[in-house]
Amino acid sequence: MKNVLNSSIFKCVLSGLLLTLGWPPFSLTPFLFIAFIPLLFIIDRQTSIKRSWAHAYLAFFIWTVGTMYWIGNTKIDFQGFVIIAIAWILIPLFQSLPFLVFAWAKKKVDQVYIWYLLPLIWVSYEYLHSSWQLAFTWLHLGFGLSPVPWFIQFYEYTGYLGGSLVIVLLNVMIFNAIKAYGSISFKRNLSMTTGVIAILILANLLLYPQPKKGSASIKAAIVQSNADPYEVLDKHSLKRQVGTLQRLLLPLKGKGVDLVVLSEGYLRTSPLAPLVLNNVDEQPAIKEIKKISKEINAPILVGFIGFKLFDSKAVAPSSALSTGDGRYFSAYNGAMLVAHDKATQMQMKNNLVPFMERIPYLDQLSFFEKFKLQLNQAKNSYEKDDEINVFEYKHLRIGTLICLDALFPGYSSHFINKKANIMAVIANDSWAGNTSGYLQNAQYASVVASSLRRDVVRCATTGKSMFVDKSGSKRKVTSWDEEVVIMDNMRLLEESTFYAYAKDWLGLLSAVVSGIFLSIALVRQRKP
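Just so we're clear, the structure is a prediction, and the values are computed from it rather than from any experiment. (Residues numbered from 1 in each chain as written. Predicted model: local features only at pLDDT ≥ 70, side-chain atom pairs only at ≥ 80, totals over all residues. Heavy atoms only, no water.)

1. Considering the overall build of the protein chain
Part 1 of the argument: Counting its regular elements, the protein chain contains 16 helices and 15 strands.
Part 2 of the argument: Against the compact-globule benchmark of 24 Å for 528 residues, the protein chain has a radius of gyration of 24 Å, which places it among compact chains.
Part 3 of the argument: With an accessible surface of roughly 22300 Å², the protein chain has 62% of that area assigned to carbon and sulfur atoms.
Part 4 of the argument: For the protein chain, the separation between the mean place of its 53 positive charges and that of its 36 negative charges on side chains is 9 Å. (Helix = DSSP H or I, 4+ residues; strand = E, 2+ residues; numbered from the N terminus. Rg over C-alpha atoms; globule rule 2.2 N^0.38 Å. Areas by Shrake-Rupley, 256 points an atom, 1.4 Å probe, with all protein chains shown as cover. Lys, Arg positive; Asp, Glu negative; His and termini not counted. Charge placed at Lys NZ, Arg CZ, Asp CG, Glu CD.)

2. Focus on the sheet that holds strand 9 (residues 391-393)
Part 1 of the argument: Read across the sheet, 6 strands follow the order 9-10-11-12-13-14 without closing on themselves; strand pairing throughout is mixed. Each having just a single partner strand, strand 9 and strand 14 (474-475) make up the two edges of the open sheet.
Part 2 of the argument: Bridge count between strand 9 and strand 10 (residues 396-402): 3 bridges; the pairing is antiparallel. Paired with Phe391 across the strands is Ile398, a residue of strand 10. (Pairing = 2+ DSSP bridges.)

3. Some thoughts on the layout of surface pockets
Part 1 of the argument: Computed from the structure, the second largest pocket encloses a volume of approximately 520 Å³.
Part 2 of the argument: Lining the second largest pocket we find 27 residues, and of these Ser130, Ser131, Trp132, Asn351 and Phe408 sit closest to its centre.
Part 3 of the argument: Split into classes, the residues belonging to the lining of the second largest pocket amount to 14 nonpolar, 8 polar and 5 charged. (1 Å grid on protein atoms, 1.4 Å probe; cavity = no way out; pocket = protein on both sides within 12 Å on 5 of 7 lines; lining within 4 Å. Points joined across faces, edges and corners; volume = space filled by probe spheres on them. Nonpolar A, V, L, I, M, F, W, Y, C, P; charged D, E, K, R; others polar.)

4. Side note on empty space enclosed by the protein
Part 1 of the argument: One pass over the structure, following the stated rule, counts 2 cavities of 30 Å³ or more.
Part 2 of the argument: By volume, the second largest cavity is sized at about 50 Å³.
Part 3 of the argument: Lining the second largest cavity are 12 residues; nearest its centre among them are Ala227, Glu264, Gly265, Arg268 and Thr461.
Part 4 of the argument: In the lining of the second largest cavity, the residues fall into 3 nonpolar, 6 polar and 3 charged.

5. A closer look at a nonpolar patch on the surface
Part 1 of the argument: A grouping of Trp150, Ile197, Ile201, Leu205 and Tyr208 is seen on the molecular surface, where their side chains present a nonpolar patch of about 430 Å² in accessible area.
Part 2 of the argument: Here Leu205 shows up in helix 9 (residues 186-207). (Patch = residues over 30% accessible without salt bridge, like charges linked within 9 Å, V, L, I, M, F, W, Y side chains within 5 Å. Salt bridge = Lys/Arg side-chain N within 4 Å of Asp/Glu carboxyl O.)

6. Things to note about the packing of helix 3 (residues 37-45) against helix 8 (residues 160-179)
Part 1 of the argument: Axis separation between helix 3 and helix 8 bottoms out at 10 Å; the angle between their running directions is 60 degrees. Classed by the angle they form, the pair helix 3 and helix 8 counts as oblique. For helix 3 against helix 8, the interelement crossing comes out right-handed. Contacts from Ile37, Leu40, Phe41 and Asp44 in helix 3 reach Asn171, Val172, Ile174, Phe175, Ile178 and Lys179 in helix 8. (Axes fitted to C-alpha atoms, helices over the stretch in contact; angles between N-to-C directions. Parallel < 35°, antiparallel > 145°, perpendicular 65-115°, else oblique. Left-handed = near helix turned anticlockwise from the far one by under 90°. Contact = heavy atoms within 4.5 Å.)

7. What to know about the pattern of salt bridges
Part 1 of the argument: All told, the structure shown has 20 salt bridges when counted by the stated rule.
Part 2 of the argument: The partner of Asp44 in a salt bridge is Lys106, with the nearest N and O atoms 3.9 Å apart. Taken together, the residues Asp44 in helix 3 and Lys106 in helix 5 (residues 78-108) connect sequence positions 62 residues apart. Lys106 shares its class with Asp44; the two are buried.
Part 3 of the argument: Salt-bridge contacts for Asp44 lead to Lys179; the nearest nitrogen and oxygen are separated by 3.0 Å. Linking Asp44 in helix 3 with Lys179 in helix 8, this pair joins segments that are 135 residues apart in sequence.
Part 4 of the argument: One connected set of salt bridges, linked through shared partners, spans Glu231, Asp234, Arg240 and Arg268. (Buried < 20%, exposed > 50% of the residue type's maximum accessible area, 1.4 Å probe, protein only.)

8. As for helix 10 (residues 237-249)
Part 1 of the argument: An ideal rise of 1.5 Å per residue puts 18 Å on 13 residues; helix 10 measures up with 18 Å between its terminal C-alpha atoms.
Part 2 of the argument: Contact partners of the buried residues in helix 10: strand 1 (217-224), strand 2 (259-261), strand 3 (267-268), helix 11 (284-296), strand 4 (300-310) and strand 15 (484-491). (Expected span 1.5 Å × (residues − 1).)

9. Considering the packing of aromatic side chains
Part 1 of the argument: Inspection of every chain in the model, using the stated rule, returns 31 aromatic pairs.
Part 2 of the argument: Judged by centre distance (6.2 Å) and plane angle (75 degrees), the ring pair of Phe99 and Trp122 falls under edge-to-face. Taken together, the positions of Phe99 in helix 5 and Trp122 in helix 6 (residues 118-129) put the pair 23 residues apart, joining distant regions of the chain. Assigned by exposure class, Phe99 and Trp122 land together as buried.
Part 3 of the argument: When the centroid spacing of 5.7 Å and the interplanar angle of 80 degrees are considered together, the rings of Tyr411 and Phe415 count as edge-to-face. Of this pair, Tyr411 and Phe415 are both found in helix 12 (residues 409-417), 4 residues apart, which corresponds to roughly one turn of the helix.
Part 4 of the argument: Tyr411 gets classed as buried once you look at its relative accessible area, which sits at 14%.
Part 5 of the argument: Judged by relative accessible area, Phe415 falls into the buried class, the value being 0%.
Part 6 of the argument: A cation over a ring is seen here: Lys308 above Tyr332, with NZ or CZ 5.1 Å from the ring centre. (Phe/Tyr/Trp six-rings, centres within 6.5 Å; stacked < 30°, edge-to-face > 60°. Lys NZ or Arg CZ within 6 Å of the ring centre and 35° of its normal.)

10. Points about the environment of Glu357
Part 1 of the argument: With respect to the helices and strands, Glu357 occurs in the loop between strand 7 (342-348) and strand 8 (382-383).
Part 2 of the argument: For Glu357, a relative accessible area of 9% gives the class buried.
Part 3 of the argument: Here the alpha-carbon distance between Glu357 and Asn333, two residues 24 residues apart in the chain, equals 8.9 Å.
Part 4 of the argument: Here Asn333 takes part through its side chain, which lies 3.2 Å from a polar atom of the side chain of Glu357. (Polar contact = N/O pair within 3.5 Å; in protein donor to acceptor, adjacent residues only side chain to side chain.)

What follows is the structure, encoded as structure tokens:
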């Protein structure tokens, strides 16, 4: 047994399990602050850089599969399972790269202080990983603190990257304290660790927002439709969806509702019977929704899968397909604000799930489209427009995040800089079934709220719809497999945050500092 406990494989497994248990839905969050320690002991004693990387890969593979097993719980074909298997391989590969770099740096600079480079390398990785078309930030460490919103109040200055830095830093400090046990430096390491924890707790308590009297507010309604994401679409689907909308919303008449929010992809159509986004107000379905808006006297924010037509290939985007009559069309996953007395406004989803929603680097890898991956409703890559559109209606200025958009707070901050006074997060959480996926996604809304200091209205197809205040605290949380309409008052807030202004400054700073240190180490290595 002693040999098993001391084995590197056991330590890798232990790190992977601690990360899994510390992550939602288990949310045993303190485990995140010690999860890397078994892995750090391996790297401390391992002289081979390749073996250090291999051990890190195993730990992160266990974490990835343990937390994201749910992506396999989908109704997709063999091609889809190949893509999912590739995802399970690539995610831990990316996560293990910081440890590969650190193992190399440690071999070149064998000093105690080198351990404090690891948090900066990790934050650099998360920052850089979020900046390319293979970005999938679901398991970036800072999101793991979202179940304890009182502890992420400092995100208004750092965003979730601050949480990632804190998690890795505390792992390193606790590791150094354990390693120094019995030596003269143990008390110093222990007091430093205790001091950092005390400072973090005190800072969060001081930053916790207090209610302000006189803040403008609205009554918002969330409609969790419990729709089937795998419904076979036909030419009558859109009409049925509008009929369900009418049934759910007309009871709101006379209840003083100022805003209605529905989930991502509630209006979903196919190329055979499309919701055409050109002159969208002329579409019969939108005309009917405008009538509902007039009846309840409130604008309706609703997600859609729709299509834009282009007159020629020259003006069409990379994802466009031919209609057969000389025109081309592209699919979009987006949201629209429909009001009876104003032109419909649209916002497209701009952070698309790699391969599932869009082939990364589509211009260079367009041959993937020939496989017709059956991973989304359009059966083709969605397009994005990179526009930031704040929905305006009377005193409302709504920033709208569509599912994965909410996992890019730097992107979200653009809505605040365009004067959004409330945020909406809409998601289709039902495609992976009653698994951990929707529970994780729901928790992440707290990061948006605390980073941007905005109240958040979160609507899911089913699972966890809720209201989130600017501290990240959640209320009126709905349940899985529930068709329900919930209402609550939400504040319209005007103040900005340092993070909304500076965005992912911590990631950029970490990358610069890490790059300088690694460059110095490389130069020293080349000297005779």
